[in-house]
Amino acid sequence: MAEDSGYESILCVKPEVHVYKIPPRATNRGYRAADWKLDEPAWSGRMKITAMGKKAYIKLEDKISGELFAQAPVDQYPGIAVEAVTDSSRYFVIRIEDGNGRHAFIGLGFADRGDSFDFNVALQDHFKWVKQESELAKQEANQSTAPKLDLGFKEGQTIKISIGNIKKKDGTSQGGAKARPMGGGGLLPPPPGVKAGGVLLPPGAQQPAPPAQTSTATVLDFGALAAPVAPAQAQPTQDLWGDFTAAGSGGASQTSTKSGWVQF
């Protein structure tokens, strides 16, 4: 913020304005432009609004020569230096000063409402900026006086960080169950009744025979494997009733020829 800045900035310029002599204020309700002689302005010329630091200046100058006619310093807006009339938006009352401590109130009028709008906005924007600069200066002053917060680690101080649910390279997460692998390239599981790894045959097809198992017998057992084993012959029984019982339970193929009951 440049309160005592040496340069002057121009905020607004209007080529034609009118100055009026105004009667003293009769009441506290404000000034009325209808009480002025609007068709007989006391002076006409150019208006310029400039700013130097926090303060703004309304300067009334001659259109041709640029000679200064009057100047109104503005410390705040709205304020006593600039006051709008109560019955129109194109007229204002400003307080001019001669630099020697003397001041007077005159009427200022614009021929167009757009010019009066620009005049109003230029002053509002300037003092809005002044207010923001003042707030920033106060914040900086408070921050400089406030104790600084030390967030650094002290000597020997450590911290422990616990990070959960970290995914590992095998697709599992820390502290959770392992992910179910997708075997066989994403194939579906076999239907019930079929062993894992088996082949489901179509209806009517025969199950392939299992591969022959090679014998692991040694050379010494070769003779025992090659010798045929005689089937055990059944001992004939001497009990006739026993043959009849065997025939009844075992069938016709196992009947004995020595029993008359069995042949019957």
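In this text, all values refer to a predicted model and were calculated from it rather than measured experimentally.

(A) Spatial organisation of the packing of aromatic side chains. Considering all chains together, one arrives at seven aromatic pairs under this definition. Centre to centre, the rings of F92 and F119 are 4.9 Å apart; their planes meet at 55°, and the pair counts as tilted. Within this pair, whereas F92 is found in strand 6 (residues 91-97), its partner F119 is found in helix 1 (residues 113-145), the two being separated by 27 residues in sequence. For F92, a relative accessible area of 5% puts it in the buried group. For F119, a relative accessible area of 0% translates into the label buried. Aromatic pair F110 and F119: ring centres 5.3 Å apart, planes at 45°, arrangement tilted. A network of ring pairs unites the aromatic residues Y20, W36 and Y91 as a single cluster.

(B) Quick look at the nonpolar core. Among the nonpolar cores identified, the biggest contains 25 residues, and M47, I58, L60, V82, I94, L108 and F119 are the most heavily contacted of them. The dominant element in this core, judged by the number of residues it contributes, is helix 1, at four residues. L108 has contacts with V17, H18, W36, M47, L60, R90, Y91, F92, I94 and F119, leaving out every residue within four places of it along the chain. With eight residues, the next largest nonpolar core counts Y31, A33, W36 and V85 among its residues.

(C) Just the pairing of strand 1 (residues 9-20), in detail. Here strand 1 pairs with strand 2 (residues 43-52) via eight bridges, running antiparallel. In the strand pairing of strand 2, V13 is matched with K48.

(D) Spotlight on the pairing of strand 3 (residues 55-61). Within strand 3, six of the seven residues are buried, which leaves it mostly tucked inside the rest of the structure. In textbook terms, the turn of a hairpin is the stretch between consecutive antiparallel strands, and for strand 2 and strand 3 this stretch comprises two residues, one of which, G53, has a positive phi near 75°. Note that strand 3 and strand 4 (residues 68-74) share six bridges and pair antiparallel. The residue bridging K59 from the neighbouring strand is Q71, located in strand 4. Connecting strand 3 to the antiparallel partner strand 4 that follows it, the hairpin turn spans six residues, and G66 within it adopts a positive phi of roughly 80°.

(E) Quick peek at the confidence of the model for the chain. Averaged over all residues, the pLDDT of the chain equals 75, while 61% of them reach at least 70. For the stretch residues 216-226, pLDDT sits under 50, and the model shows two contacts to residues farther than four places along the chain or on other chains.

(F) Looking closely at the side chain of H126. Relative to the helices and strands, H126 is located in helix 1. Taking relative accessible area as the criterion, H126 reaches 6% and is therefore assigned buried. A polar contact is formed between the side chain of H126 and the backbone oxygen of K54, at a distance of 2.9 Å. Once residues within four sequence positions are removed from consideration, H126 is found in contact with L11, A51, G53, K54, K55 and A56.

The rules behind these values
- Residues numbered from 1 in each chain as written.
- Predicted model: local features only at pLDDT ≥ 70, side-chain atom pairs only at ≥ 80, totals over all residues.
- Heavy atoms only, no water.
- Phe/Tyr/Trp six-rings, centres within 6.5 Å; stacked < 30°, edge-to-face > 60°.
- Helix = DSSP H or I, 4+ residues; strand = E, 2+ residues; numbered from the N terminus.
- Buried < 20%, exposed > 50% of the residue type's maximum accessible area, 1.4 Å probe, protein only.
- Core = buried A, V, L, I, M, F, W, Y, C linked by side-chain atoms within 4.5 Å.
- Contact = heavy atoms within 4.5 Å.
- Pairing = 2+ DSSP bridges.
- pLDDT = per-residue confidence, 0-100.
- Polar contact = N/O pair within 3.5 Å; in protein donor to acceptor, adjacent residues only side chain to side chain.

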